[in-house]
Protein chains: 2
Amino acid sequence: MSNQNESAKAPLERFREIIGRIKQYEEILGLVYWDMRTGAPRKGIELRSEAVGALSSETFKLSTSPELGDLIAQLNEPASLAELGEIDRRLVEETAKEYERNRKIPPELHREYVVLTSQAESAWETAKENDDFAGFVPYLEKIIDFNRKFIELWGVKTTPYDTLLDMYEPGLTTVELDRLFGELRARLVPLAERIAKSEHQPDTSFLEGTFDKEAQKAFSKLILKEMGYDFEAGRLDESVHPFATGLSPGDVRITTRYLPNDLTSALFGTIHEGGHALYEQNIMPELAETTLCTGTSMGIHESQSRLWENMIGRSLGFWQRYLPDLKKLFPGQLDHVSAEQFYRAINVVQPSLIRIEADELTYNLHIMIRYEIEKMLFNENLNPRDLPVVWNRKYAEALGVTPPNDAQGVLQDVHWSGGAFGYFPSYSLGNMYGAQMIDVAKRKLPDLDRQVAEGRLQPLKEWLTEQVYRHGKLLQPSQIIERISGKPLQSSYLCDYLEEKYKDIYRLD
Amino acid sequence: MSNQNESAKAPLERFREIIGRIKQYEEILGLVYWDMRTGAPRKGIELRSEAVGALSSETFKLSTSPELGDLIAQLNEPASLAELGEIDRRLVEETAKEYERNRKIPPELHREYVVLTSQAESAWETAKENDDFAGFVPYLEKIIDFNRKFIELWGVKTTPYDTLLDMYEPGLTTVELDRLFGELRARLVPLAERIAKSEHQPDTSFLEGTFDKEAQKAFSKLILKEMGYDFEAGRLDESVHPFATGLSPGDVRITTRYLPNDLTSALFGTIHEGGHALYEQNIMPELAETTLCTGTSMGIHESQSRLWENMIGRSLGFWQRYLPDLKKLFPGQLDHVSAEQFYRAINVVQPSLIRIEADELTYNLHIMIRYEIEKMLFNENLNPRDLPVVWNRKYAEALGVTPPNDAQGVLQDVHWSGGAFGYFPSYSLGNMYGAQMIDVAKRKLPDLDRQVAEGRLQPLKEWLTEQVYRHGKLLQPSQIIERISGKPLQSSYLCDYLEEKYKDIYRLD
């Protein structure tokens, strides 16, 4: 027995060493990406991209090395696994899966792809600034071609697009997504129609005006602190497209974007990214030096950003507590607005052009459009050059609005420039996971509504830490939601929540 | 012949590949250090330091690999060298020298040192903030011990400290430095005495007051632009200790520190770092992917920062041109000050505590003190715990001032926390190089004084680019100064320059 023990120990040590190195390089790469998005000088981007390509390919080499393969083969044996603690066992399983995936990609192809996407993000920023879709197309075409190659190498699941979906939400399929989106459509479209016809449209006039940027920043910081975001383990910056990035639990950075004519954009953007950040800051320290130190899936990650943004940040209680603070920062601009009025205004349902500024209800239509387009790109060979036409047509059909230009249309999101095809559905999954979690939270913390209305946000944060955050990638998404609710993911919780909320706001019977 | 040609070609290609990779990793590490100094969250520092250690040790492994050694051995043969272009030849020579140095350090020792200095810089920041020298001593002791080990491994030159000096200024010795500082002392101390006795002391009262930080920032940016600093290839941030870092010619970052009660600190700090940055931004593109893409020595680097800061930034002509811009940014605060008065005020000679705020003349005494202390640490085994006592005594003796606390004394500079023992003399070397260069520039650009007075700073920048910047590490420091002036480095130019300047300001006969 002790022999077996020792034979399992040396490989484990070496295995953890390699995993630790991969994690360290990923942390550094994460920092370089953060820098590229928050103000790296334009003229340095080309060489920086090459450097990123070099370090990524070294990381890739580590994660596909024959040595790691041998270690996995040794450790992934039942006898060895039985000797391992929970963390190591899961780490071996997860690494084995990643190893299989990565080994199928030739290193040179990987390196080229990293350099390409690194340059493409800058190209996208420029294209968006100049409303120049044509300038972005060459990058997009190449990125899609690369992804087609990857799909072939990984193996086509039911459809090529299914192969991509599985990367962001293990096991997710187009069949399942078609069903979930179908259910959402069945209940939410009629709801939207009733809302449009309601005579009780919220007054949003007080949200118009010019809102001082420094005051917006101050309020963003205040709310992040209230949520329990630790500024000693993170920082808030600005970028064209807001994001959160967890470099380590001690360094989880948020960016936002302040619009002078829009009070709510930066505000809810910040809370959204703050939700992501709470997740990453509260992963248990035992995982810190492993590749399990991250969110378990994009859907679960988005559940946290969307839950904090909408179910907390757009709740009545939240504004009963925080509207006075907001008023103080914008003297004279919101003096006569009540919490109830503010709550109704920020929840106005209004078909719009920009996903990240959409209301909670139509948001899912923005996602459906992207989901359908991605399916067309990979399953029906839609030509990327035709994207603006398809995009604008789908927006007209589903939302009744037409982008005046590509900057406000097909160029609005960063995702595709980074090759993140298959990511978008995560947002709607996140809405569904979040509603299912909050349903349980309200029973486990029966006082929750009052806590929020009194600015006591920590009990919720602690409950979510216990249920979700601390586990990092130690639990699978399905385990997370089943541990919490005793059920797999369902669409009904989101529909129930939205119906209840909007019936009240729009005074539907 | 063609056979020889080909046998030299394959190794060269591989050699350039390895050098390129080393350069890329150095660029990324430079960015991580920049981040750690400009606002990386405190709680992430420990893991970040480990990650830096990992990537540094990978870089170190590359630069000490047997493969690189073999390539150097092949390429460093007369027959092979003859086939190489100028850049490759110099790259092989320089790499061979570095290889010899690096091979003497065990990789594990190197890794530990990188982690240590990475943590020590944060510890220094905290210690300086809290005036807690005792909290910093354990780091300092370890760093000094490491350096003692390195000296032993590299081989003691005439004295242990000589081994360190050679790193920053190839060939520089304590004998040479004792001579140069001796000459400076012989001419500058009497000058300082005459100045102290002068009845024409400048009025500096208008430099007192509170100066808006945003206005300070705006002026810093204005002057950087005038100098020709390219903001598309760099950015200006804040840090406790100002610095410039050249990640690539397309990304050269500057930091500064704004003091609300001191107009000149950030201003001259920015110009100083701007001088460093002009050097790094203007290295010829052909060197960009090699380790020659950096300043040729710290002395030459400091010549550029000090030249721009003092010989341009503290000249009368400069303020004839830019004082009106400054006045506009601080309305009511400098209205009745003339360029002549301003010029005299910013050149007041005043023994002081803080090196980076010292006047041009006594600055060299600050350097002498550090030089003497470093010699004591390495050649006389001074105990680091005794540093505050020694520091304060030397300041009392040389400058007649005593620091009220260690934050304003021995803890003021970042250098030692990064292990940069032997660096400080570079500043005085820089003053001497700079004066020798400007002496020639005034003859080559006979119009120089008027150009500065009219805000035409580009001819000087272009001349310095041609003579210094573009060559990066392609030329040795001695080649640079001899190409420019036809002579090796001499102290007399600096003395002449200072005597002429201060005789005028203090109305010395």
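Along each chain, residues carry numbers from 1 onward, in the same order as the chain's sequence is written. Chain letters and ligand numbers both follow the written order, the letters beginning at A and the numbers at 1. Reporting of local features is limited, given that this is a predicted model, to residues whose pLDDT is at least 70; pairs of side-chain atoms are given and counted only at 80 or more, and all residues count toward the totals for whole chains, interfaces and linings. The basis for every side-chain value is the complete set of heavy atoms in the structure, and neither hydrogens nor water enter the calculation.

- As recorded in an unreviewed UniProt entry, chain A goes by the name Metal-dependent carboxypeptidase, listed as coming from Cohnella endophytica.
- As stated in UniProt under Function (unreviewed entry), the record for chain A gives "Broad specificity carboxypetidase that releases amino acids sequentially from the C-terminus, including neutral, aromatic, polar and basic residues."
- According to UniProt, the comment filed for chain A under the heading Catalytic activity (unreviewed entry) is "Release of a C-terminal amino acid with broad specificity, except for -Pro." UniProt positions are given in the numbering used here, feature names are shortened, and annotations may be inferred rather than shown by experiment.

## Overview of the overall build of chain A
Thinking step 1. Secondary structure assignment for chain A yields 21 helices and 3 strands.
Thinking step 2. The size measure is the radius of gyration over C-alpha atoms, and the globule rule it meets is 2.2 Å times the number of residues to the 0.38 power. In terms of overall dimensions, chain A is globule-like: its C-alpha atoms have a radius of gyration of 23 Å, near the 23 Å expected for 509 residues.
Thinking step 3. Along the longest, intermediate and shortest principal axes, the C-alpha atoms of chain A span 75 × 50 × 45 Å.
Thinking step 4. A simple rule labels every residue: compare its accessible area, found with a 1.4 Å probe on the protein chains alone, to the largest value its type can have, and call it buried under 20%, exposed over 50%, or partly exposed in between. Taking all 509 residues of chain A together, the buried fraction comes to 61%.
Thinking step 5. Taking contacts inside chain A between residues at least 6 apart in sequence as the whole, the part at least 24 apart equals 74%.
Thinking step 6. Surface summary for chain A: the accessible area is close to 20000 Å², and the carbon and sulfur share equals 49%.
Thinking step 7. Taken as two groups, the 59 positive and 79 negative side-chain charges of chain A have centres that lie 1 Å from each other. Secondary structure follows DSSP: runs of H or I at least 4 residues long count as helices, runs of E at least 2 residues long count as strands, and numbering of each begins at the N terminus. By definition, residues are in contact when any of their heavy atoms lie within 4.5 Å. A 1.4 Å probe and the Shrake-Rupley method give the accessible areas. Residues count as covered only by the protein chains that appear here. Charged residues are defined here as Lys and Arg on the positive side and Asp and Glu on the negative side; His and the ends of the chain fall outside this count. Taken as the charge location is NZ of Lys, CZ of Arg, CG of Asp or CD of Glu.

## Some words on the UniProt feature "binding site: Zn(2+)" (unreviewed entry) in chain A
Residue and element names in this part refer to chain A.
Thinking step 1. Mapped onto the present numbering, the UniProt feature "binding site: Zn(2+)" (unreviewed entry) falls at His 272, His 276 and Glu 302. The named residues occupy 31 residues along the chain; their greatest pairwise C-alpha distance, 8.6 Å, places them in one compact cluster.
Thinking step 2. Residue placement: His 272 occurs in helix α11 (residues 263-281).
Thinking step 3. The buried category is assigned to His 272, whose relative accessible area is 9%.
Thinking step 4. Excluding residues within four positions of it along the chain, His 272 makes contact with Glu 302, Ser 305, Arg 306, Glu 309 and Tyr 427.
Thinking step 5. The residue Glu 302 is located in helix α12 (residues 298-312) in this model.
Thinking step 6. Those residues in contact with Glu 302 that lie beyond four places of it in its chain are His 272, His 276, Leu 307, Tyr 423, Ser 426, Tyr 427 and Gly 430.

## Points about the pairing of strand β2 (residues 244-248) of chain B
A regular strand places its side chains so that they alternate between the two faces of the sheet.
Thinking step 1. Across 4 bridges, β2 of chain B lies against strand β3 (residues 251-256) of chain B in antiparallel orientation. Its bridge partner lying in β3 of chain B, Ala 244 of chain B is registered against Ile 254 of chain B. For two strands to be treated as a pair, DSSP must find no fewer than two bridges joining them.

## Points about the pattern of salt bridges
Any two side chains of opposite charge can pair, on the condition that their charged atoms come close.
All names here are of chain A.
Thinking step 1. We define a salt bridge as a side-chain nitrogen of Lys or Arg found within 4 Å of a carboxyl oxygen belonging to Asp or Glu. Applying the stated criterion across every chain yields a total of 90 salt bridges over all chains.
Thinking step 2. Of the charged contacts, one joins Glu 360 and Lys 501 as a salt bridge, the two residues approaching to 2.6 Å between their closest N and O atoms. One end of the pair, Glu 360, is in the loop between α14 (339-346) and α15 (363-379); the other, Lys 501, is in helix α21 (residues 492-505), with 141 residues separating them in the sequence.
Thinking step 3. With relative accessibility at 4%, the residue Glu 360 sits in the buried group.

## Thoughts on the UniProt feature "active site" (unreviewed entry) in chain A
All names here are of chain A.
Thinking step 1. According to UniProt, the feature "active site" (unreviewed entry) maps to Glu 273 in the numbering used here.
Thinking step 2. Along the polypeptide, Glu 273 turns up in helix α11.
Thinking step 3. A residue is classified by how much of its surface remains accessible, and Glu 273, at 8% relative accessible area, is buried.
Thinking step 4. Beyond its immediate chain neighbours, meaning those up to four positions away, Glu 273 contacts Pro 242, Phe 243, Ala 244, Ile 254 and Thr 255.

## A short note on the domain arrangement of chain A
All names here are of chain A.
Thinking step 1. The domain boundaries assigned to chain A delineate domain 1 (2-139) and domain 2 (174-505).
Thinking step 2. The source of the domain bounds is an automatic or database domain assignment. When each unit is reduced to the centre of its C-alpha atoms, the spacing between domain 1 and domain 2 is 28 Å.
Thinking step 3. The term buried area refers to how much accessible surface (probe radius 1.4 Å) is lost by two components on association, counted for both of them together. Both faces combined, the contact of domain 1 with domain 2 buries some 3100 Å², and carbon together with sulfur accounts for 65% of it.
Thinking step 4. Ranking the residues of domain 1 by area buried against domain 2 places Trp 34, Arg 90 and Phe 133 at the top, with a combined share of 23%.
Thinking step 5. Counting every contact that joins domain 1 to domain 2 gives 1 salt bridge.
Thinking step 6. A salt bridge links Lys 473 to Glu 94, with the shortest nitrogen-to-oxygen separation between them at 3.6 Å.
Thinking step 7. Polar contacts, as used here, are pairs of N or O atoms within 3.5 Å; protein pairs need one atom able to donate a hydrogen and one able to accept it. Residues neighboring in sequence count only if both atoms are side-chain atoms. Across the domain 1-domain 2 interface, the total number found is 8 residue pairs in polar contact (both at pLDDT 80 or more).

## Examining helix α5 (residues 86-103) of chain B
Thinking step 1. Multiply 1.5 Å by the residue count of a helix minus one, and that product is the helix's expected span. Between its terminal C-alpha atoms α5 of chain B stretches 26 Å, which fits the 26 Å expected from 18 residues at 1.5 Å a residue.
Thinking step 2. Burial in α5 of chain B covers these residues: Ile 87, Asp 88, Arg 90, Leu 91, Val 92, Glu 94, Thr 95, Ala 96, Tyr 99, Arg 101 and Asn 102 of chain B.

## Digging into the interface of chain B and chain A
Thinking step 1. At the interface, 37 residues of chain B touch 37 residues of chain A.
Thinking step 2. Both faces considered, chain B and chain A share a buried interface measuring about 3100 Å² in area, 54% of it formed by carbon and sulfur atoms.
Thinking step 3. Our enumeration of links across chain B and chain A arrives at 12 salt bridges.
Thinking step 4. One salt bridge connects Asp 35 of chain A with Arg 253 of chain B, and the closest N-O pair in it is separated by 2.7 Å.
Thinking step 5. Going through the elements one at a time, α1 (2-37), α2 (45-63), β2 and β3 of chain B are the ones with two or more residues in the side of chain B that touches chain A.
Thinking step 6. Split by residue class, the side of chain B that touches chain A holds 15 nonpolar, 8 polar and 14 charged. Note on residue categories: nonpolar means Ala, Val, Leu, Ile, Met, Phe, Trp, Tyr, Cys or Pro, charged means Asp, Glu, Lys or Arg, and polar means any other residue, Gly included.

## Thoughts on the sheet that holds strand β1 (residues 236-238) of chain B
All names here are of chain B.
Thinking step 1. The 3 strands are arranged β1-β3-β2 in an open sheet whose pairing can be described as mixed. The outermost strands of the open sheet, each flanked by one partner alone, are β1 and β2. Shown here is a sheet whose adjacent strand axes are inclined to one another by a mean of 25°, direction ignored.
Thinking step 2. Where helix α10 (residues 213-227) meets the sheet, it contacts β1 and β3, and its direction lies at approximately 145° from that of β1. Simply put, an axis is a line fit to the C-alpha atoms, just over the touching stretch for a helix, and the angle between two N-to-C directions goes from 0 to 180 degrees.

## Things to note about the packing of helix α12 (residues 298-312) of chain B against helix α17 (residues 425-444) of chain B
All names here are of chain B.
Thinking step 1. The contact between α12 and α17 brings their axes to 7 Å, and the two run at 65°. Judged by the inter-axis angle, α12 sits roughly perpendicular to α17. Here α12 and α17 pass one another in a crossing that is right-handed. On α17, the residues touching Met 298, Gly 299, Ile 300, Glu 302, Ser 303, Gln 304, Arg 306, Leu 307 and Met 311 of α12 are Ser 426, Tyr 427, Leu 429, Gly 430, Asn 431, Tyr 433, Gly 434, Ala 435, Met 437 and Ile 438.
Thinking step 2. Per-class residue counts for the contact of α12 with α17 are 10 nonpolar, 7 polar and 2 charged. Working definition: roughly parallel below 35 degrees, roughly antiparallel above 145 degrees, roughly perpendicular at 65 to 115 degrees, and oblique for all remaining angles. Handedness of a crossing is defined here by the sense of rotation of the near helix relative to the far one, left-handed for an anticlockwise turn of less than a right angle and right-handed for a clockwise turn.

## Section: the packing of aromatic side chains
Thinking step 1. Pairs were defined over the aromatic rings of Phe, Tyr and Trp, the Trp ring being its six-membered one, requiring ring centres within 6.5 Å. Orientation was assigned from the angle between planes: stacked under 30 degrees, edge-to-face over 60, tilted for the rest. With the rule as written, the count across this model stands at 50 aromatic pairs over all chains.
Thinking step 2. Residues Trp 416 of chain A and Phe 424 of chain A carry aromatic rings whose centres are separated by 6.1 Å and whose planes lie at 85° to one another, so their mutual orientation is edge-to-face.
Thinking step 3. Classification of Phe 424 of chain A by relative accessible area gives buried; the value is 1%.
Thinking step 4. A centroid spacing of 6.0 Å and a plane angle of 45° characterise the contact between Tyr 161 of chain B and Tyr 371 of chain B, whose relative ring orientation is tilted. Here Tyr 371 of chain B lies in helix α15 (residues 363-379) and Tyr 161 of chain B lies in helix α8 (residues 160-168), a separation of 210 residues in the sequence. For the pair formed by Tyr 161 of chain B and Tyr 371 of chain B, the shared burial category is buried.
Thinking step 5. Grouped by ring-pair contacts, the aromatic residues Tyr 168, Tyr 363, Phe 378, Trp 391, Tyr 395, Trp 416, Phe 421, Tyr 423, Phe 424 and Tyr 427 of chain A constitute a single cluster.
Thinking step 6. When the ring centre of Phe 146 of chain A is taken as origin, the NZ or CZ atom of Lys 149 of chain A, which lies over that ring, is 4.9 Å away.
Thinking step 7. Here, a charge over a ring is recorded when the distance from Lys NZ or Arg CZ to the ring centre is within 6 Å and its angle to the ring normal is within 35 degrees. The residue whose ring lies beneath Arg 314 of chain B is Phe 268 of chain B, and the NZ or CZ to ring-centre distance is 3.9 Å.

## Details of the sheet that holds strand β1 (residues 236-238) of chain A
The strands making up a sheet are joined through hydrogen bonds of the backbone, oriented either antiparallel or parallel.
Residue and element names in this part refer to chain A.
Thinking step 1. With mixed pairing, 3 strands are arranged side by side in an open sheet as β1-β3-β2. Each of the sheet's edge strands pairs with one partner strand only, and the pair in question is β1 and β2 (244-248). Geometrically, the sheet is characterised by an average inter-axis angle of 25° between neighbouring strands, direction not taken into account.
Thinking step 2. Its contacts with the sheet put helix α10 (residues 213-227) on β1 and β3 (251-256), and the angle it makes with β1 is roughly 145°.

## A look at the environment of Leu 457 of chain B
Residue and element names in this part refer to chain B.
Thinking step 1. Along the chain, the position of Leu 457 falls in the loop between α18 (448-453) and α19 (458-467).
Thinking step 2. Note on Leu 457: relative accessible area 2%, which makes it buried.
Thinking step 3. With 240 residues separating them in the primary sequence, Leu 457 and Lys 217 have C-alpha atoms 20 Å apart.
Thinking step 4. Setting aside its immediate chain neighbours within four residues, Leu 457 contacts Glu 226, Met 227, Trp 308, Ile 312, Phe 318, Tyr 322 and Val 452.

## Let's talk about the relation of the copies chain B and chain A
One copy of the chain maps onto the second through a rotation about an axis and a displacement along it.
Thinking step 1. Between the two copies, chain B and chain A, the superposition gives an RMSD of 0.0 Å; the rotation angle is 180° and the shift along the axis is 0.0 Å. On this basis, the relationship between the two copies can be described by a two-fold rotation axis.
Thinking step 2. Most of the interface of chain B is mirrored in chain A, where 100% of its interface residues again form contacts. To superpose the copies, least squares is applied to the C-alpha atoms of every residue with a pLDDT of at least 70 in both.

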